[in-house]
Amino acid sequence: TPVAIAEGNISNAIFVSNREKASKIISTSLAQAHDQVLFLASMINDLATLSRAERTDVALEITPVDPRQLIHAMARDYEAQAATKKLKLTVSAAADVQTINTSELYVHEILQNFVTNSIKYTKTGSVIIHVRSNKMGDAVFSIADTGIGLSKADQKRVFDKFFRSEDYRTRESSGTGLGLYVTAKLAHRLNAQISIESELNKGSTFTVTIPSLPTPKKH
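We now turn to the structure provided with this report. What you are looking at is a predicted structure, and each value in this text was computed from that prediction instead of being measured.

**Here we look at the pairing of strand β6 (residues 193-199)**
In this sheet, strand β7 (residues 203-210) lies alongside β6 in antiparallel orientation, the contact comprising seven bridges. By the bridge assignment for β7, Gln-193 is matched with Thr-209.

Here it is in structure tokens:
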């Protein structure tokens, strides 16, 4: 709530300063303050999600999840963001993809982090979200992009806490360095496996394999 109130007030101040044609120093200061409040909000959200993922004493809410519906809903959420960067965002699902029993909230957050990063670090080209089922009936999601890619060294550390690549292109956008660390924690809670295929300047593909979890028995 304090962050939301601060962001709202700064937004109002920016609106008024633009209307009144305030001095450049005021406009610049307000813009910088607004950027930092948004960054703080992002960090708080990441820390809250991490805290929830690390609380093993809290049972997961296991429900049937349709992978096909999930990725199509996600594409609608990110359609405008991709269009702003003139990226082609596409989704596809195998015809025989199966429903799994898992935490829809956690699966959504995992995929959301991958899609957000793909759009953030792709200047031109496309982002593709695909899902299929393997022989065990697990849902295999993949998010592929034509972005800046990851070096071999970065691939080994990308899920580390507070990790930020030394690649200067990643510095063009802000980040907490917690997104993929949180993603790995959430995946662990779901007994999911994550793999990376990436090459510098050619893009990355993140694949997460999510099995069905036993439905908790009702007392």
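We are not done yet, so read on.
**So, the packing of helix α2 (residues 24-54) against helix α4 (residues 104-120)**
α4 packs onto α2 with a crossing angle of 135 degrees between their chain directions and a minimal axis gap of 13 Å. The angle between α2 and α4 places the two elements in the oblique class. Note that α2 runs across α4; the crossing there is left-handed. Residue-level inspection shows Thr-49, Arg-52 and Ala-53 of α2 in contact with α4, the latter providing Leu-105, Tyr-106 and Glu-109. Looking at the contact of α2 with α4 residue by residue, the class counts come to three nonpolar, one polar and two charged.

**What to know about the nonpolar core**
Grouped together as the largest cluster of nonpolar side chains are 40 residues, with contacts concentrated most on Leu-111, Phe-141, Leu-190 and Val-208. Counting only elements with at least two residues in this core, the list comes to α2, α3 (67-84), α4, β4 (126-133), β5 (139-145), α6 (179-189) and β7. Looking at this core element by element, the count peaks at seven residues for α4. In this view, Leu-190 contacts Leu-60, Thr-102, Ser-103, Tyr-106, Val-107, Ile-110, Pro-211 and Leu-213; residues no more than four positions away in its chain are not counted.

**Re the side chain of Ser-198**
Looking at the element boundaries, Ser-198 is found in strand β6. Given a relative accessible area of 14%, Ser-198 falls into the buried group. Of note is the side chain of Ser-198, whose polar atom sits 2.7 Å from the side chain of Ser-204.

**Some remarks on the packing of α3 against α4**
Contact geometry of α3 with α4 gives a least axis separation of 11 Å together with a crossing angle of 35 degrees. You can see that α3 and α4 cross each other, and the crossing is right-handed. Packed against α3, whose contacting residues are Leu-70, Ile-71, Met-74, Asp-77, Tyr-78, Gln-81 and Ala-82, the element α4 presents Glu-104, Val-107, His-108, Leu-111, Gln-112, Val-115, Thr-116 and Ile-119 at the interface. Along the lines of polarity and charge, the residues of the contact of α3 with α4 split into nine nonpolar, four polar and two charged.

**Details of the packing of aromatic side chains**
Taken as a whole and assessed by the stated rule, the structure comprises two aromatic pairs. Seen from their ring centres, Phe-114 and Phe-206 are 5.0 Å apart, and the 25 degrees between their planes marks the pair as stacked. Of this pair, Phe-114 sits in helix α4 while Phe-206 sits in strand β7, and the two are 92 residues apart along the sequence. Each ring, one from Phe-159 and one from Phe-206, has its centre 6.5 Å from the other, and the planes form 85 degrees; the classification is edge-to-face. Here the residue Phe-159 occupies a position in the loop between α5 (152-157) and α6, and Phe-206 occupies one in strand β7, the gap between them amounting to 47 residues. Through a chain of ring-to-ring contacts, the aromatic side chains of Phe-114, Phe-159 and Phe-206 assemble into a single cluster.

**Focus: the sheet that holds β4**
In space, the five strands of this open sheet follow the order β2-β4-β5-β7-β6, with mixed pairing throughout. The open sheet has two edge strands, β2 (88-93) and β6, and neither has a second partner. Strand after strand, the sheet turns through a mean of 10 degrees between neighbouring axes, direction not considered. Taken together, the six bridges between β5 and β7 define a ladder with antiparallel strand orientation. By the bridge assignment for β7, Ser-142 is matched with Thr-207. With respect to the sheet, α4 is in contact with β4, β5, β6 and β7, its orientation differing from that of β5 by roughly 15 degrees.

**Some details on α2**
Along an α-helix, a turn takes 3.6 residues, which lines up residues three or four apart on a common side. If you check α2, its first and last C-alpha atoms are 45 Å apart, about what 31 residues at 1.5 Å a residue would give, namely 45 Å. Within the span of α2, buried status applies to Leu-30, His-34, Val-37, Asp-46, Thr-49, Leu-50 and Ala-53. The inward-facing, buried residues of α2 contact α1 (2-19), α4 and α6.

**As for the pattern of salt bridges**
Evaluated as defined, the whole model comprises three salt bridges. Measuring nitrogen to oxygen at the nearest pair gives 3.5 Å for the salt bridge that ties Glu-20 to Arg-19. Ionic pairing is found between Asp-160 and Arg-157, a salt bridge with its closest N-O pair at 3.7 Å. For Asp-160, a relative accessible area of 33% gives the class partly exposed.

Rules used in this analysis
Residues numbered from 1 in each chain as written. Predicted model: local features only at pLDDT ≥ 70, side-chain atom pairs only at ≥ 80, totals over all residues. Heavy atoms only, no water. Pairing = 2+ DSSP bridges. Helix = DSSP H or I, 4+ residues; strand = E, 2+ residues; numbered from the N terminus. Axes fitted to C-alpha atoms, helices over the stretch in contact; angles between N-to-C directions. Parallel < 35°, antiparallel > 145°, perpendicular 65-115°, else oblique. Left-handed = near helix turned anticlockwise from the far one by under 90°. Contact = heavy atoms within 4.5 Å. Nonpolar A, V, L, I, M, F, W, Y, C, P; charged D, E, K, R; others polar. Core = buried A, V, L, I, M, F, W, Y, C linked by side-chain atoms within 4.5 Å. Buried < 20%, exposed > 50% of the residue type's maximum accessible area, 1.4 Å probe, protein only. Polar contact = N/O pair within 3.5 Å; in protein donor to acceptor, adjacent residues only side chain to side chain. Phe/Tyr/Trp six-rings, centres within 6.5 Å; stacked < 30°, edge-to-face > 60°. Expected span 1.5 Å × (residues − 1). Salt bridge = Lys/Arg side-chain N within 4 Å of Asp/Glu carboxyl O.

Distances and angles like these do not, on their own, reveal function.
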